[in-house]
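# Reading the structure
Residue strings, one per chain:
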Amino acid sequence: MRIDIVTIFPEFFSVLDVSLLGRARQAGRIQLGVHDLRDYTYDRHRTVDDTPYGGGAGMVMRPEPWGDALDSILYADEARGTVDPIVIFPSPAGELFSQAMAQELSTEAAIVFGCGRYEGIDQRVVDYVSTRARVRLVSMGDYVLNGGEIATMAMIEAIGRLIPGVVGNPASLVEESHSDGLLEYPSYTKPAQWRGLDVPPVLLSGNHGAIAAWRREMQLERTRRVRPDLLPPA
């Protein structure tokens, strides 16, 4: 997978050099390009924002640097033979990100993330890019962040770990929270007793059928308690 990121804080993404995603990059499973939006400005102040038409608080990101930056990336994708790339703009006005979306996006050949700041990006950027690529506005939840960088990092982490070969044991992905629509069951390891707290006896029984049943019940109980909205109508 090819991932490109446009941001005014390229140093933010140095964390992608470490852990599983860092190893995936070294192995060539993920190619990453981080692009400084200010490199596509043409004034000595490297200006990327201006006051909003119609008035209001805050600043809006100008369309010119965004258009040039995204043109450059999309032209490069075309030169590599990438067909129908997808551009994602993190936005509290977008569709809600989910494990199902992460799974869907993990099959893409190329994803471009546009990290907005301030009061957002001029809408014409989204409208223009929609004529050249698939565009999705994606929200991490019902709250507002200062910019799209943290949301982009979270999406890259969720998507990247689903790419074949990134996680060492693929079976570990199967029983995670949201993989089957429920929250994950609690996990335990050695020692069997710790500070007066015991591992549930069923996990020490060696009875795999009983263990599977207990884990399923714990999934249902935790989901009912914490996220009842995930349960189908009774």
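Up top is the structure.
These lines cover the structure that appears in this document, whether it is placed above or below.

So, how was this worked out
Residues numbered from 1 in each chain as written. Predicted model: local features only at pLDDT ≥ 70, side-chain atom pairs only at ≥ 80, totals over all residues. Heavy atoms only, no water. Helix = DSSP H or I, 4+ residues; strand = E, 2+ residues; numbered from the N terminus. Buried < 20%, exposed > 50% of the residue type's maximum accessible area, 1.4 Å probe, protein only. Contact = heavy atoms within 4.5 Å. Areas by Shrake-Rupley, 256 points an atom, 1.4 Å probe, with all protein chains shown as cover. Pairing = 2+ DSSP bridges. Axes fitted to C-alpha atoms, helices over the stretch in contact; angles between N-to-C directions. Phe/Tyr/Trp six-rings, centres within 6.5 Å; stacked < 30°, edge-to-face > 60°.

### Quick look at the overall build of the protein
For the protein, the helix and strand inventory stands at six helices and nine strands. The principal-axis extent of the C-alpha atoms belonging to the protein is close to 70 × 40 × 35 Å. In the protein, buried positions account for 39% of the 234 residues. Considering only contacts within the protein whose residues lie at least 6 apart along the sequence, 75% involve residues at least 24 apart. With an accessible surface of roughly 13400 Å², the protein has 54% of that area assigned to carbon and sulfur atoms.

### Notes on the sheet that holds strand β5 (residues 86-96)
The strand order across the open sheet formed by five strands is β2-β1-β6-β5-β7, and the pairing between neighbours is parallel. Of all strands in the sheet, those bounded by a partner on one side alone are β2 (31-36) and β7 (134-139). Looking at each pair of strands side by side, their axes are set apart by 30 degrees on average, direction ignored. Pairing between strand β1 (residues 2-7) and strand β6 (residues 110-114): five bridges, direction parallel. Looking across to β6, one finds that D4 is bridged to V112. Contacting β1, β2, β5 and β6, helix α2 (residues 63-79) crosses the sheet at an angle of about 170 degrees to β1. Each of β1, β5, β6 and β7 touches helix α5 (residues 149-160); the most contacted strand, β6, lies at about 160 degrees to it.

### Comments concerning the pairing of β1
Most of β1 is tucked away: five of the six residues are buried. Bridge count between β1 and β2: six bridges; the pairing is parallel. Considered in β2, the bridge of V6 is made with H35.

### Focus on the packing of aromatic side chains
Applying the stated criterion across every chain yields a total of two aromatic pairs. Seen in terms of ring centroids, F12 and F13 are 5.4 Å apart; in terms of plane orientation they differ by 65 degrees. Their pairing is edge-to-face. On the basis of relative accessibility, which here comes to 34%, the residue F12 falls in the partly exposed class. A ring pair is formed by W66 and F89, whose centres lie 6.3 Å apart and whose planes are at 65 degrees; its orientation type is edge-to-face.

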